[in-house]
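For reference, the chains in residue letters:
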Amino acid sequence: MQSVGPYRFTHMLGTCPVGKAWAAIDEQGRFVTVAVLDAVAASTPGWREAFAGTANAMSQRPGGQAFAYADFFAAEPWAAYPAEAGQGAEKLFRALGQEYHPAPTENSGSPEDGGSTEPVTGVPRQVSGPPQSVSGPPQQVSAPPQPVSGAPLPTSGAPFAPWALHAGGLPTVPPAPTPSPATDAPQSPAPVSAAPADPPPYDPFNASARRIKPSEPPPRRTGLWAGLAALVLVAAVGSGVAIWSIAGKDQPDPYTPPTAIATASSGDAAAEPALKPWAQATLYSPEEHALAVAAPSLVFIEAVFTGYVRDTRTNALVYPRPVSFIRRCSGFVVSPDGHAVTNGSCVKPTEGHARWLAVDALARVLVQEKKLSAAQISTYIATNLAKVRFTGVEPTTEPTSAVYGQLNTAKGNVTEAPAIPAEIVRSLPEDSGNTALIKLAQGGLPAVELNPSASLAADASVRILAFTTTDVVFRNATYRPQSKLVTITGTSERGPVSFYLINEDLGTVSHGGIALDPAGRVAGLIYQDQASPDRANRAVLPASTIAALLAEAGVGNALGDSDKLYRGGLDAYFGGDSSSAITQLEGAAAASPANLLAQAYRQNAAERQRLESASRAQSDTLVLVLVGSAAVLLIALVVLVVMLVRRRHH
């Protein structure tokens with residue numbers, strides 16, 4: 001059975017002209033629906049972008065449906081939706097305006113139930129053109145639009161909104177036909193009664209007109225002077241505007257927000273942090289500030305377990321070679337010497353869970369060796385799980401494990417630098433907190449503060465921060481920090497531990513990540529909701545449990561000098577003091593090279609300082625230009641008044 005990313009398809013749910021919807025299951029047994037865009041449609045210009053844009057719009061719309069994972073750059077782009085949230089794959093295709101056809105169910109069923117999953121035959125129809133661009137999330141259309149009976153009337157403002165929904169230019173309105181000139185009414189000819197009489201002889205003494213006319217006064221030139229004054233005024237203002245535009249022609253807009261990291265000088269390479277807080281929260285907002293404080297401490301954790309699968313009764317090897325499986329999760333550094341907190345089951349799973357993972361890994365090895373089919377994996381696990389043990393080289397030894405951590409951008413299956421080896425200091429079992437304290441073999445790392453008294457309540461919003469990926473190849477996938485604003489939906493308990501439930505998660509490796517308080521401190525640890533059928537990472541363990549773990553291990557939560565310098569620089573940056581921010585952030589970046597955000601915000605502060613200086617210089621130039629223009633105008637008015645006074649005296 002084919003698969004994408006961490007998902008194995010079980011059966012087809014339906015088809016549409018541009019793709020198919022599948023039912024699938026991930027490596028942890030969670031069910032999803034997957035929308036797959038056919039390669040034919042993906043190669044047609046515009047369809048790949050429309051598929052990705054529609055999926056993102058559905059995720060961000062209030063009340064919309066968010067995908068769990070997606071790969072929009074694959075040959076056949078796809079997006080996976082949690083099954084418990086409904087038919088997300090079908091909704092995506094319908095949001096694209098496609099006619100969706102559910103697959104026949106008489107022969108369908110999961111491979112475990114013996115059902116067949118026959119692929120739909122035939123090549124998908126060629127898509128005739130790119131999808132139409134819309135300004136918002138696509139809406140389901142119940143019927144084709146009715147033709148417009150006439151062209152819209154032109155207006156002087158923005159184009160009429162409905163035309164923005166169609167490709168191509170706006171329709172032009174043909175000019176109205178020139179009306180034919182109206183014919184004049186016929187004129188009646190004047191009657192001629194007799195020939196015209198001769199005029200009487202001219203008598204100069206009886207003429208009514210004056211024989212001697214007085215001389216007319218010379219014309220006043222007030223209009224001329226008014227025109228001259230207006231000309232001077234226009235020249236003065238025009239010169240001022242021209243000088244101002246020339247002076248500020250190459251000056252940047254000081255209020256343009258940074259959309260990317262800018263270098264402070266031509267020789268300063270731009271920093272590229274894995275997470276850009278200014279792109280994930282409102283610019284210069286408290287949310288951006290909190291993300292900037294906590295993000296450098298986030299660490300990607302990978303644990304590799306190796307051992308042998310043995311028969312429980314005889315201790316004989318079920319498979320002659322060692323079997324390995326990998327666990328990945330998020331964590332955060334709590335002290336500059338390298339102590340970090342993460343999820344307990346990630347780095348130290350229980351014996352039963354480790355045995356299940358080992359048998360699952362063995363089944364997949366047998367599939368690669370053509371000794372087992374993919375459809376038989378679940379059956380193989382269910383049949384053999386209770387009959388085997390997972391041990392070390394000797395039956396009485398434990399399997400070996402190795403733990404590694406990476407900051408910023410991380411890559412799976414890496415055991416050398418930049419991966420940092422780690423060892424487990426203390427781990428709490430699942431019914432006592434399911435958290436672990438590890439020690440990374442490197443110092444000078446950026447740390448984050450805990451807030452054990454953080455207030456979390458139902459219906460409150462909280463921002464979570466963890467590693468995630470969109471890669472479909474698990475072994476060498478690339479992981480980057482990501483944040484999301486979620487809502488607390490309630491509380492739950494596991495043994496003596498209480499935790500909060502949230503409505504969304506950041507993916508399978510997000511457990512062990514951070515739930516932030518408004519100041520960028522740790523309010524809680526992202527936790528796995530084990531009562532949920534899909535065991536999604538949609539829970540938050542309060543920070544008080546983490547503080548208790550550190551106290552038991554004798555490890556303090558403390559900030560280093562570089563951490564304090566970094567936070568001081570951020571306070572200055574968000575307070576508008578660019579000069580102080582540059583000084584402190586430069587010191588923090590030099591003291592802690594792993595903190596790429598310190599260098600990034602230093603460059604942002606330097607760029608903002610340059611823009612502010614350019615703005616002040618431009619304002620000074622404008623003031624000088626306006627003062628000069630006003631002086632010219634005043635002189636012109638004085639000259640005009642003097643000329644008018646002299647004219648009156650004459």
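Residues numbered from 1 in each chain as written. Predicted model: local features only at pLDDT ≥ 70, side-chain atom pairs only at ≥ 80, totals over all residues. Heavy atoms only, no water.

Engineer: Explain helix α8 (residues 351–368) to me, using residue names and the numbers behind them.
Structural biologist: Taking 1.5 Å as the rise per residue, α8 with 18 residues should run 26 Å; its terminal C-alpha atoms sit 26 Å apart, in good agreement. Next to the buried residues of α8 lie β8 (298–311), β9 (323–333), α9 (377–384) and β11 (388–391). Within two residues after α8, K370 carries a phi angle of roughly 65°, on the positive side. (Helix = DSSP H or I, 4+ residues; strand = E, 2+ residues; numbered from the N terminus. Expected span 1.5 Å × (residues − 1). Contact = heavy atoms within 4.5 Å.)

Engineer: Break down the state of the cysteines for me, citing the residues and quoting the values.
Structural biologist: Applying the stated rule across the entire model yields one disulfide. Paired through a disulfide, C329 and C346 show a sulfur-sulfur distance of 2.2 Å. Where C329 bonds to C346 through sulfur, the torsion about that S-S bond is close to -90°, and the disulfide is left-handed. Residue C329 is found in strand β9, and its partner C346 is found in helix α7 (residues 344–347); the two are separated by 17 residues along the sequence. Residue class for C329 comes out buried when judged on its relative accessible area of 0%. (Disulfide = S-S within 2.5 Å. Buried < 20%, exposed > 50% of the residue type's maximum accessible area, 1.4 Å probe, protein only.)

Engineer: Can you break down the packing of helix α11 (residues 561–574) against helix α12 (residues 578–591) residue by residue, with the values?
Structural biologist: Contact geometry of α11 with α12 gives a least axis separation of 8 Å together with a crossing angle of 155°. Accordingly, the angle class assigned to the pair α11 and α12 is roughly antiparallel. In the packing of α11 onto α12, the handedness of the crossing is left-handed. Seen from α11, the contacting residues are S562, L565, Y566, G568, G569, L570, A572 and Y573; seen from α12, they are S580, A581, Q584, L585, G587, A588 and A591. The residue makeup of the contact of α11 with α12, split by class, is nine nonpolar, six polar and no charged. (Axes fitted to C-alpha atoms, helices over the stretch in contact; angles between N-to-C directions. Parallel < 35°, antiparallel > 145°, perpendicular 65-115°, else oblique. Left-handed = near helix turned anticlockwise from the far one by under 90°. Nonpolar A, V, L, I, M, F, W, Y, C, P; charged D, E, K, R; others polar.)

Engineer: Give me the lowdown on unusual backbone geometry, citing residues and values where you can.
Structural biologist: Cis peptide bonds are those with omega within 30 degrees of zero, and the linkage from A417 to P418 qualifies with 15°. The residue P418 is located in the loop between β13 (410–411) and β14 (420–427) in this model. Although it is not a glycine, Y284 adopts a positive phi angle of roughly 65°. Position of Y284 relative to the elements: it lies in the loop between α5 (277–280) and α6 (286–294). Taking the relative accessible area as the measure of exposure, Y284 reaches 36% and is therefore partly exposed.

Engineer: Talk me through the side chain of T468; I want residue IDs and the actual numbers.
Structural biologist: Looking at the element boundaries, T468 is found in strand β16 (residues 461–468). A polar contact of 3.1 Å, which involves the side chain of T468, links it to the backbone oxygen of L506. Among all residues touching T468, those that are not within four sequence positions of it are T478, Y479, R480, Q482, L506 and V509. (Polar contact = N/O pair within 3.5 Å; in protein donor to acceptor, adjacent residues only side chain to side chain.)

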